[in-house]
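Each chain is listed here by its residues.
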Amino acid sequence: MKIGTETNADFRRILFTNCTISETNRALGIIVRDGAVVSDVVFSNIVLDCRRRPFFWWGNGEAFHFTVLKRNEGSKVGRIENVRIQGVSGGVEGTSTVTGFAGVGEDAYASIRNITLADIHLALHAESERDKRATDGIAISNAEGIDLRAVALDWDAQAPESKWAHGLALRTVRNFRIAQFENRSVPQNREAAVLL
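An account of the accompanying structure is given in this report. Remember, predicted model here, so these are calculated numbers, not experimental data.

**A few points about the nonpolar core**
Ile-30, Phe-43 and Ile-140 are the most contacted members of the largest nonpolar core, which totals 42 residues. Those elements giving two or more residues to this core turn out to be strand 2 (11-24), strand 3 (26-32), strand 4 (37-50), strand 5 (62-68), strand 6 (79-92), strand 8 (112-124), strand 9 (138-155) and strand 10 (168-184). The element contributing the most residues to this core is strand 9, with 8 residues. Residues contacting Ile-30, with those up to four places away along its chain left out, are Ile-3, Val-38, Val-41, Phe-43, His-65, Phe-66, Thr-67, Ile-80 and Val-83.

Listed below in structure tokens is the structure:
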């Protein structure tokens, strides 16, 4: 279920609920490339099954992928704001990401704001493809106002991947709240922190 990449006009007040997503290469996506605003979006009560596909497919077997990019040098920078993912569970093979546009100073936090992840349970499995891409359970960068509540990651201890590192990686993120984050079955790299 995806909004974008073509985002020449705003998307507002959208609800995805009570869905089962099977054998997909990415379950939930918001990709802003053309300067629009995507806001007030809810993904709720979703069961998913995400698997890696060959390199020419978009997606990496992740539960969600939200990103703000510029389609070309002249494109405006858009925004993703006020998004809630709640009551989502299932198996994945990739790192779920929230990635804002990499600006400077205040602009580093301007493109993604107010994202809530609540009641999320993901089981991370070994990747189906040879080119291993998964590193962290969830990676968030260039964002502001991140709220994680009751998020749990279960890593497959029977088939660990060598690149698996952190349960949660936050880079250039401010104003975040974490309430009950569980990282079960530590990844292969036992020296890596649960939270980066």
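Now that the structure is up, let's keep going.
**Remarks on the side chain of Asn-183**
If you trace the backbone, Asn-183 turns up in strand 10. Residue Asn-183 is classed as buried on the basis of its relative accessible area, which comes to 16%. In terms of polar contacts, Asn-183 uses its side chain to reach the side chain of Trp-155, at 2.7 Å.

**Focus on a nonpolar patch on the surface**
A cluster of nonpolar side chains, Phe-55, Phe-56 and Trp-57, forms an exposed patch at the surface whose accessible area comes to about 420 Å². Its location among the elements puts Phe-55 in the loop between strand 4 and strand 5. Since its relative accessible area comes to 63%, Phe-55 is described here as exposed.

**Considering the pairing of strand 8**
One ladder, built from 11 bridges, connects strand 6 with strand 8; its direction is parallel. From the neighbouring strand, Gln-86 faces strand 8, where its bridge partner is Ala-118. Where strand 8 meets strand 9, 10 bridges bridge the pair, whose relative direction is parallel. In the sheet register, His-121 faces strand 9, and the bridge partner there is Ala-152.

**Topic: unusual backbone geometry**
Here the amide bond leading from Gly-4 into Thr-5 is cis, since omega sits at 15°, within 30 degrees of zero. Phi at Asn-82 takes a positive value of approximately 55°, unusual for a residue other than glycine. Note that Asn-82 resides in strand 6. For Asn-82, a relative accessible area of 32% gives the class partly exposed. The phi angle at Asn-142 is positive, at roughly 50°, despite the residue not being glycine. For Asn-142, the position within the fold is in strand 9.

**As for the pattern of salt bridges**
The final tally for this structure, using the stated rule, is 17 salt bridges. Note that Glu-144 and Arg-174 form a salt bridge whose closest N and O atoms lie 3.0 Å from each other. In this pair, Glu-144 sits in strand 9 while Arg-174 sits in strand 10, placing the two residues 30 residues apart along the sequence. Owing to a relative accessible area of 17%, Glu-144 belongs among the buried residues under this scheme. By relative accessible area, Arg-174 is classed as partly exposed at 25%. Beyond isolated ion pairs, a larger network of salt bridges with shared partners links Arg-52, Glu-127, Asp-131 and Arg-133.

**Details of the packing of aromatic side chains**
A full pass over the atoms with the stated rule returns 4 aromatic pairs. Ring geometry for Phe-43 against Phe-66: centres 6.0 Å apart, planes inclined by 25°, an arrangement best described as stacked. Of this pair, Phe-43 sits in strand 4 while Phe-66 sits in strand 5; the two residues are 23 residues apart in sequence, bridging distant segments of the chain. The class of Phe-43 is buried, set by a relative accessible area of 0%. Given a relative accessible area of 0%, Phe-66 falls into the buried group. Here the aromatic rings of Phe-64 and Phe-66 are separated by 5.9 Å at their centres, their planes lie at 40°, and the arrangement is tilted. Pairwise contacts between aromatic rings join Phe-16, Phe-43, Phe-64 and Phe-66 into one cluster. Sitting over the face of the ring of Tyr-109, Arg-174 holds its NZ or CZ atom 4.2 Å from the ring centroid.

Reading the values: the criteria
- Residues numbered from 1 in each chain as written.
- Predicted model: local features only at pLDDT ≥ 70, side-chain atom pairs only at ≥ 80, totals over all residues.
- Heavy atoms only, no water.
- Core = buried A, V, L, I, M, F, W, Y, C linked by side-chain atoms within 4.5 Å.
- Buried < 20%, exposed > 50% of the residue type's maximum accessible area, 1.4 Å probe, protein only.
- Helix = DSSP H or I, 4+ residues; strand = E, 2+ residues; numbered from the N terminus.
- Contact = heavy atoms within 4.5 Å.
- Polar contact = N/O pair within 3.5 Å; in protein donor to acceptor, adjacent residues only side chain to side chain.
- Patch = residues over 30% accessible without salt bridge, like charges linked within 9 Å, V, L, I, M, F, W, Y side chains within 5 Å.
- Areas by Shrake-Rupley, 256 points an atom, 1.4 Å probe, with all protein chains shown as cover.
- Salt bridge = Lys/Arg side-chain N within 4 Å of Asp/Glu carboxyl O.
- Pairing = 2+ DSSP bridges.
- Phe/Tyr/Trp six-rings, centres within 6.5 Å; stacked < 30°, edge-to-face > 60°.
- Lys NZ or Arg CZ within 6 Å of the ring centre and 35° of its normal.

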